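Tertiary structure, described
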Amino acid sequence: MCADGNVRPSWDEYFMSIARQVATRSTCLRRSVGCTMVWDKRILATGYNGAPAGLPHCEEVGCLREGAGAESGTMHELCRGLHAEQNAIIQAALYGVAVKGAYIYCTHHPCVLCSKMLINAGIARIFYAEGYPDHLAQELLADAGVHTEQMPDA
């Protein structure tokens, strides 16, 4: 117990709470997603979903997927934005931070595109709070030996 009387969170709870906070920066009109990339209890990078740097955000110009009637988990190519996991990988790359063997804490299960990137980046484990309707993503991660674990809201 902490000095203020609160129960000290586990490391997993702590990093997931940071992912939830990162998600508050999202500019997506459909879903706010945050990702925290961690190695040896140290934050390597974070990411949230939104348009590439310097470009107008969907909250300013509207959602292409909404206009096309895209269902959740489909037609990712129509989105102006990058996913939280993609942005975390890119942030690490921009600053020369190795991520092989890292864990990620994400507010949502990665989609198939992010799953393929996370596999190739060498991510060892994925903790997520909410599911995502993408069975191929789950299959690829299992085939690659990337452990996934759901951490629902407490």
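Below is a short write-up of the structure. (Residues numbered from 1 in each chain as written. Predicted model: local features only at pLDDT ≥ 70, side-chain atom pairs only at ≥ 80, totals over all residues. Heavy atoms only, no water.)

Axis separation between helix H4 (residues 84-94) and helix H5 (residues 112-121) bottoms out at 9 Å; the angle between their running directions is 30°. Comparing their axes, H5 and H4 come out roughly parallel. Crossing geometry of H4 relative to H5 is assigned as left-handed. Residues Glu85, Gln86 and Ile89 of H4 form the contact with H5, whose participating residues are Leu113, Cys114, Met117, Leu118 and Ala121. For the contact of H4 with H5, the class distribution of residues is six nonpolar, one polar and one charged. (Axes fitted to C-alpha atoms, helices over the stretch in contact; angles between N-to-C directions. Helix = DSSP H or I, 4+ residues; strand = E, 2+ residues; numbered from the N terminus. Parallel < 35°, antiparallel > 145°, perpendicular 65-115°, else oblique. Left-handed = near helix turned anticlockwise from the far one by under 90°. Contact = heavy atoms within 4.5 Å. Nonpolar A, V, L, I, M, F, W, Y, C, P; charged D, E, K, R; others polar.)

Our focus in this paragraph is the state of the cysteines. Under the criterion given, the structure shown has zero disulfides. Free cysteine Cys28: the closest other cysteine sulfur is in Cys79, separated by 5.9 Å. Between Cys58, a cysteine without a disulfide, and Cys79, which holds the nearest cysteine sulfur, the sulfur-to-sulfur distance is 5.4 Å. (Disulfide = S-S within 2.5 Å.)

In this section: the packing of aromatic side chains. By the definition in use, this model includes six aromatic pairs. On the basis of an interplanar angle of 20° and a centroid distance of 5.7 Å, the ring pair of Trp11 and Phe15 is categorised as stacked. On the criterion of helical spacing, the pair formed by Trp11 and Phe15 is a turn pair, its members being four residues apart in helix H1 (residues 11-23). Looking at Phe15, the relative accessible area reads 2%, which means it is buried. Note on Phe15 and Tyr105: the rings are 5.4 Å apart at their centroids and 40° apart in plane angle, and the pair reads as tilted. Pair noted here: Phe15 is in helix H1 and Tyr105 is in strand E3 (residues 103-108), with a separation of 90 residues, a long-range link. Judged by relative accessible area, Tyr105 falls into the buried class, the value being 3%. Taken together, the aromatic side chains of Trp11, Tyr14, Phe15, Tyr103, Tyr105 and Phe127 make up a single cluster linked through ring pairs. Its guanidinium or amino end placed over the ring of Tyr103, Arg125 lies 5.9 Å from that ring's centre, counting from NZ or CZ. (Phe/Tyr/Trp six-rings, centres within 6.5 Å; stacked < 30°, edge-to-face > 60°. Buried < 20%, exposed > 50% of the residue type's maximum accessible area, 1.4 Å probe, protein only. Lys NZ or Arg CZ within 6 Å of the ring centre and 35° of its normal.)

Another aspect to go through is the side chain of Ser26. With respect to the helices and strands, Ser26 occurs in the loop between H1 and strand E1 (34-39). Classification of Ser26 as buried rests on a relative accessible area of 12%. A polar contact of 3.2 Å, which involves the side chain of Ser26, links it to the backbone nitrogen of Cys28. At a separation of 2.7 Å, a polar atom in the side chain of Ser26 contacts the side chain of Asn49. Look past the residues within four positions of Ser26 in its chain and what remains in contact with it is Arg31, Ser32, Val33, Tyr48 and Asn49. (Polar contact = N/O pair within 3.5 Å; in protein donor to acceptor, adjacent residues only side chain to side chain.)

With that settled, consider the sheet that holds E3. The sheet built from five strands is open, its strands ordered E2-E1-E3-E4-E5 with mixed pairing. The strands lining the two open edges of the sheet, one partner per strand, are strand E2 (42-48) and strand E5 (147-150). Each adjacent strand pair in this sheet contributes to an overall mean axis angle of 20°, direction not counted. Pairing geometry for strand E4 (residues 125-130) and E5, over four bridges, is parallel. Bridging from a neighbouring strand, Arg125 pairs with His147 of E5. (Pairing = 2+ DSSP bridges.)

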